[in-house]
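# Per-entry structural report
Residue strings, one per chain:
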Amino acid sequence: MPPIERLMRNVVLDGTCWRATKGIRKDGYCQIEVAGKKVLGHRLSYEHFTGPIADGLKLDHVRERGCRFRSCINPAHLEPVTHGENIRRGTQAERTRAYYDALWANRTHCDHGHRLAEVGIYTEERDGMVTRKCAGCRRETKSETHRKAMADPAKAASIRERNRLAVARYRAKRAAA
Ligand SMILES: [Zn+2]
Ligand SMILES: [Zn+2]
C-alpha cells in the first residue's frame, strides 16, 4: 500500500485539521515509515498533495488557517517557511504556553476560589498543545467524574477492566526489562 494511503487511513477530521492518530511522537508530530526510513506525516502529505518542499525549508502548521495540531497533515494548513521564520512564529506549544501564562499571571485564585499558591497549576502537554489549569479544580473534576462513573455498574466494570489491563501491561513491561 502506498505510504500516503497508510497515512490517510489513520486520519480523523478535527475541525478542519486532518489529525493523524497513529505514529504520534512525543513532540506531537506524526511519523510514518517509508522504505525503512521514518518520515514526518505532514511533510509526506504536503509533498503528495501540493508539491515538493524546497531544500532546507520547514513546514509550519499555520494557526491562522485554523490549524490546531502538530499531528495535522492537512496540506492547506501547512506552509513551507525557513527555519528562522518557523522559530519566529514559535511552536503551537510555545504559543499556547504563552497564552496560559498570560491568563494565569497575577491571579491568586481560580474562578472556583482555589488559592493557586496552595493547589498549584496543572500543566499538560499533549499533541503540541499546552494546557494549564487550576490543579485544585482538576483534582475535583477528576474525582467527581470518577465517582459518577463508578456509580454506573457498566462503567465501573469497564474502568476495572481497563485498570486490570494497565496493570498487566505494566507487569509485562517490567518482566521484559
Ligand atoms: Zn491543521
Ligand atoms: Zn480551582
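In this text, all values refer to a predicted model and were calculated from it rather than measured experimentally. (Residues numbered from 1 in each chain as written. Chains lettered and ligands numbered in written order. Predicted model: local features only at pLDDT ≥ 70, side-chain atom pairs only at ≥ 80, totals over all residues.)

Next up on the list: the overall build of the protein. Each helix and strand counted, the protein has 7 helices and 8 strands in total. Along the three orthogonal principal directions, the C-alpha set of the protein runs to about 55 × 45 × 35 Å. Taken over 177 residues, the protein has a buried fraction of 19%. Expressed as a percentage of contacts within the protein between residues at least 6 apart in sequence, the contacts between residues at least 24 apart total 50%. (Helix = DSSP H or I, 4+ residues; strand = E, 2+ residues; numbered from the N terminus. Buried ≥ 20, exposed ≤ 12 C-beta atoms within 10 Å, placed from the backbone. Contact = placed C-beta atoms within 7 Å.)

Considered domain by domain, the protein is made up of domain 1 (3–106) and domain 2 (110–177). Averaged C-alpha coordinates put domain 1 and domain 2 at centres separated by 27 Å. (Domains from an automatic or database assignment.)

This part covers the environment of Asp14. Inspection of the secondary structure puts Asp14 in strand S1 (residues 11–14). Look at Asp14 and you get partly exposed, because 15 C-beta atoms sit within 10 Å. Put simply, Asp14 and Arg68 are 54 residues apart on the chain and 8.8 Å apart in space, counted from C-alpha to C-alpha.

Let's shift gears to the pairing of strand S7 (residues 121–126). When a strand is regular, its side chains alternate between the sheet's two faces. Little of S7 sits inside the fold, with 0 of its 6 residues counted as buried. Of the strand pairs in this sheet, S7 and strand S8 (residues 129–134) are connected by 6 bridges, and their pairing is antiparallel. The partner of Ile121 across the bridge, within S8, is Cys134. (Pairing = 2+ DSSP bridges.)

On to the nonpolar core, then. Membership of the largest hydrophobic core comes to 14 residues, with the highest contact counts inside it found for Leu7, Cys17, Trp18, Ala20, Cys30, Cys72 and Ile73. Per-element accounting of this core gives the leading share, 3 residues, to strand S2 (residues 17–20). Once you skip the residues sitting within four places of it in the chain, Cys17 turns out to touch Cys67, Arg68, Phe69, Cys72, Asn74 and His77. (Core = buried A, V, L, I, M, F, W, Y, C linked by C-beta atoms within 7 Å.)

When we look at burial in helix H2 (residues 41–49), the residues that qualify are Gly41, His42, Leu44, Ser45 and Tyr46. A positive phi of about 150° marks Gly51, the residue just after H2.

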